[in-house]
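What follows is each chain in one-letter form.
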Amino acid sequence: MRRQSPTRYRALPRFALFTLSLVLAACQSAPLPVPTRTPVQTREALITVTTVPTPEAAFAATSQLLPASTPQPTATPPPTDTPSATATPQPTDTPTTTAAPDLLAALSIEALRARSYPGGPIAIVRTLEVTPAFTRAQIAYPSDGLRITGIMNIPSGAGPFPVIILNHGYVTPPSVSGTYLRDYADYYASWGYLTISPDYRGYGGSDEGDNAFRIGYAIDVLNLVSSVQTLPQADASRIGMWGHSMGGGISTYVMVIDPRVKAFVLYAAMSADAAENWRHIRTMWDRSGPDEWAQWIGGTPDELPEVYARLSPIHYLEYVRAPVSIHHGEADDQVPPAWSADLARRLQGVGAIVEYYSYPGAPHSFRGDDWRLFMERTLAFFDRYVKNGG
């Protein structure tokens with residue numbers, strides 16, 4: 001049995017090119033175990049979290065994460081059933097700008113909240129595999145005029161089934177998302193969830209499209225949420241979302257935009273701060289994307305901090321209505337674990353329901369016992385807030 005270890009932060013090492021072979025190796029998870037439901041408490045929690053029973057109550061976290069001096073958060077108002085907002089209040093702790101570039105008019109959080117995401121019919125392109133527990137299929141759906149592909153697992157038996165959308169992390173396009181997410185999706189499908197793993201624009205068989213600050217990926221996921229209602233096997237009133245690495249960062253956009261998603265799992269997630277992501281991607285992996293984004297937006301985060309703030313979900317957490325479960329390995333050398341701990345604190349500050357788990361010695365993608373414990377915890381979380389409605 002592992003000892004409980006306090007949360008600690010490490011300086012992130014700098015790396016050269018983040019190659020496809022490294023990503024695929026890092027994303028390799030343990031083989032899918034035969035589903036056996038055991039209580040999470042059978043192993044000592046690496047960080048103990050007591051989840052509150054109702055959305056109206058304050059959320060809980062670890063003693064290391066939430067000091068006793070932290071004020072009690074106020075109750076969170078119930079969500080609405082619409083993904084758009086007719087009036088968006090000024091975000092907290094975010095400077096305003098009077099000279100926002102044209103791109104900001106489309107990509108700011110205010111703009112993303114105000115627009116619509118109609119989605120469209122999800123088409124089954126072909127059946128990939130039939131198992132006793134579920135059927136795996138390749139799918140396609142529309143997103144802002146683009147055709148987006150993905151992988152869907154449909155459980156056996158009578159539906160409609162609760163849904164989990166799994167957002168993949170960075171792999172070199174046009175790789176198909178379903179490869180490294182397969183074990184995760186198969187696990188949840190074996191427990192009665194219809195799972196969808198979108199490829200995003202430019203991945204798999206998807207069309208190319210605009211994607212400054214990777215917000216195009218978030219738009220594709222938001223359109224997928226709307227598209228779920230076209231599936232007769234899916235219960236569109238019970239949707240959960242899961243995101244790993246870059247996919248976790250994408251999920252933070254959905255958190256502050258679409259109240260139809262009932263619960264979120266963030267797994268070694270990128271930052272909800274556009275400026276932090278810009279610096280991290282540029283310095284760690286030496287990719288050209290951040291420099292292009294700076295040209296499009298009119299400057300760097302140091303030159304235009306107020307503009308980058310308006311692109312960042314971290315400054316709009318007051319809009320979060322769904323419970324959030326955050327998981328991060330302390331030995332992650334790809335994404336700083338401190339980002340997850342900071343996000344948990346900020347969610348606490350706005351009264352959100354959140355739980356945070358740190359895994360001593362675990363890398364960016366979990367393996368072995370860490371993987372199994374993570375899956376047990378997240379399955380229990382989705383069961384509570386998605387399948388059974390909290």
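Please read all numbers here as calculations on a predicted model, not as lab measurements. (Residues numbered from 1 in each chain as written. Predicted model: local features only at pLDDT ≥ 70, side-chain atom pairs only at ≥ 80, totals over all residues. Heavy atoms only, no water.)

## A few points about the overall build of the chain
Here comes step 1: Helix and strand counts for the chain come out as 11 helices and 9 strands.
Here comes step 2: Expressed as a percentage of the 390 residues in the chain, the buried residues total 58%.
Here comes step 3: Surface accessibility of the chain: about 15,400 Å² in total, with carbon and sulfur atoms responsible for 55%. (Helix = DSSP H or I, 4+ residues; strand = E, 2+ residues; numbered from the N terminus. Buried < 20%, exposed > 50% of the residue type's maximum accessible area, 1.4 Å probe, protein only. Areas by Shrake-Rupley, 256 points an atom, 1.4 Å probe, with all protein chains shown as cover.)

## Things to note about the packing of aromatic side chains
Here comes step 1: A full pass over the atoms with the stated rule returns 20 aromatic pairs.
Here comes step 2: Centre to centre, the rings of Tyr184 and Trp242 are 4.9 Å apart; their planes meet at 50°, and the pair counts as tilted. On the criterion of sequence distance, the pair formed by Tyr184 in helix α4 (residues 178-190) and Trp242 in strand β6 (residues 234-244) is long-range, its members being 58 residues apart.
Here comes step 3: Owing to a relative accessible area of 0%, Tyr184 belongs among the buried residues under this scheme.
Here comes step 4: Owing to a relative accessible area of 0%, Trp242 belongs among the buried residues under this scheme.
Here comes step 5: Judged by centre distance (5.6 Å) and plane angle (65°), the rings of Trp242 and Tyr267 are edge-to-face. (Phe/Tyr/Trp six-rings, centres within 6.5 Å; stacked < 30°, edge-to-face > 60°.)

## Here we look at the sheet that holds β6
Here comes step 1: Spatially, 9 strands are ordered β1-β2-β3-β5-β4-β6-β7-β8-β9 in an open sheet, and the strand pairing comes out mixed. Lying at the two open borders of the sheet, with one neighbouring strand each, are β1 (123-130) and β9 (354-359). Taking each pair of neighbouring strands and ignoring which way they run, the sheet shows an average axis angle of 20°.
Here comes step 2: Sheet topology places strand β4 (residues 161-167) next to strand β5 (residues 194-198); 3 bridges connect them, and they run parallel. Note that in β5 the partner of Ile164 across the bridge is Thr195. (Pairing = 2+ DSSP bridges. Axes fitted to C-alpha atoms, helices over the stretch in contact; angles between N-to-C directions.)

## Describing the pairing of β4
Here comes step 1: Across the 7 residues that make up β4, a large majority, 7, are buried.
Here comes step 2: Sheet topology places β4 next to β6; 6 bridges connect them, and they run parallel. Across the sheet, the residue bridging to Asn167 is Gly243, located in β6.

## Comments concerning the side chain of Arg201
Here comes step 1: For Arg201, the location among the structural elements is in the loop between β5 and α5 (215-227).
Here comes step 2: In this structure the side chain of Arg201 is engaged in a polar contact, spanning 3.3 Å, whose partner is the backbone oxygen of Gly216.
Here comes step 3: When residues no more than four places from it in sequence are discounted, the contact partners of Arg201 are Ser143, Leu146, Ile148, Ser206, Asp207, Gly209, Asp210, Asn211, Gly216, Tyr217, Ile219 and Asp220. (Polar contact = N/O pair within 3.5 Å; in protein donor to acceptor, adjacent residues only side chain to side chain. Contact = heavy atoms within 4.5 Å.)

## Things to note about the packing of α5 against helix α6 (residues 246-257)
Here comes step 1: In contact at an axis separation of 9 Å, α5 and α6 are set at 60° when each is read in the N-to-C sense. In terms of their interaxial angle, α5 and α6 are classed as oblique. Note on packing geometry: the crossing formed by α5 with α6 is right-handed. Here Ile215, Tyr217, Ala218, Val221 and Leu222 of α5 come into contact with α6, specifically with Met246, Ile250, Tyr253, Val254 and Ile257. (Parallel < 35°, antiparallel > 145°, perpendicular 65-115°, else oblique. Left-handed = near helix turned anticlockwise from the far one by under 90°.)

## Considering the pairing of β1
Here comes step 1: By the bridge criterion, 6 bridges tie β1 to strand β2 (residues 134-143) in an arrangement that is antiparallel. Note on β2: the bridge partner recorded for Ile124 is Ile139.
Here comes step 2: Following β1, the chain reverses through 3 residues before pairing antiparallel with β2.

## Let's talk about the pattern of salt bridges
Here comes step 1: According to the stated counting rule, one finds 14 salt bridges in the structure shown.
Here comes step 2: The residue Asp144 makes a salt bridge to Arg115 at a minimum N-O spacing of 2.9 Å. One end of the pair, Asp144, is in the loop between β2 and β3 (146-155); the other, Arg115, is in the loop between α3 (109-114) and β1, with 29 residues separating them in the sequence.
Here comes step 3: Arg115 sits in the partly exposed class, given a relative accessible area of 23%.
Here comes step 4: Residue Asp383 is joined to Lys387 by a salt bridge in which the shortest nitrogen-to-oxygen separation is 3.8 Å. Of this pair, Asp383 and Lys387 both sit in helix α11 (residues 368-387), 4 residues apart, which is roughly one turn of the helix.
Here comes step 5: Residue classification places Asp383 among the buried residues on the basis of a relative accessible area of 9%. (Salt bridge = Lys/Arg side-chain N within 4 Å of Asp/Glu carboxyl O.)

## Examining the environment of Trp339
Here comes step 1: Inspection of the secondary structure assignment puts Trp339 in helix α10 (residues 337-349).
Here comes step 2: Each C-alpha atom, one on Trp339 and one on Asp273, is 9.4 Å from the other, the two residues being 66 residues apart in sequence.
Here comes step 3: With residues up to four places along the chain from it excluded, the contact list for Trp339 reads Ala269, Met270, Ser271, Glu276, Asn277 and His280.
Here comes step 4: A polar contact is formed between the side chain of Trp339 and the side chain of Glu276, at a distance of 3.4 Å.

## Brief notes about the environment of Val320
Here comes step 1: Here Val320 lies in the loop between α9 (305-310) and β8 (324-329).
Here comes step 2: Once the C-alpha coordinates of Val320 and Ala352 are considered, the two residues, 32 residues apart in sequence, prove to be 6.7 Å apart.

## Describing unusual backbone geometry
Here comes step 1: Cis rather than trans, the peptide bond between Gly159 and Pro160 has omega equal to 0°.
Here comes step 2: Secondary-structure assignment places Pro160 in the loop between β3 and β4.
Here comes step 3: Cis peptide bonds are those with omega within 30 degrees of zero, and the linkage from Pro173 to Pro174 qualifies with 10°.
Here comes step 4: Tracing the backbone through its elements, the reader meets Pro174 in the loop between β4 and α4.

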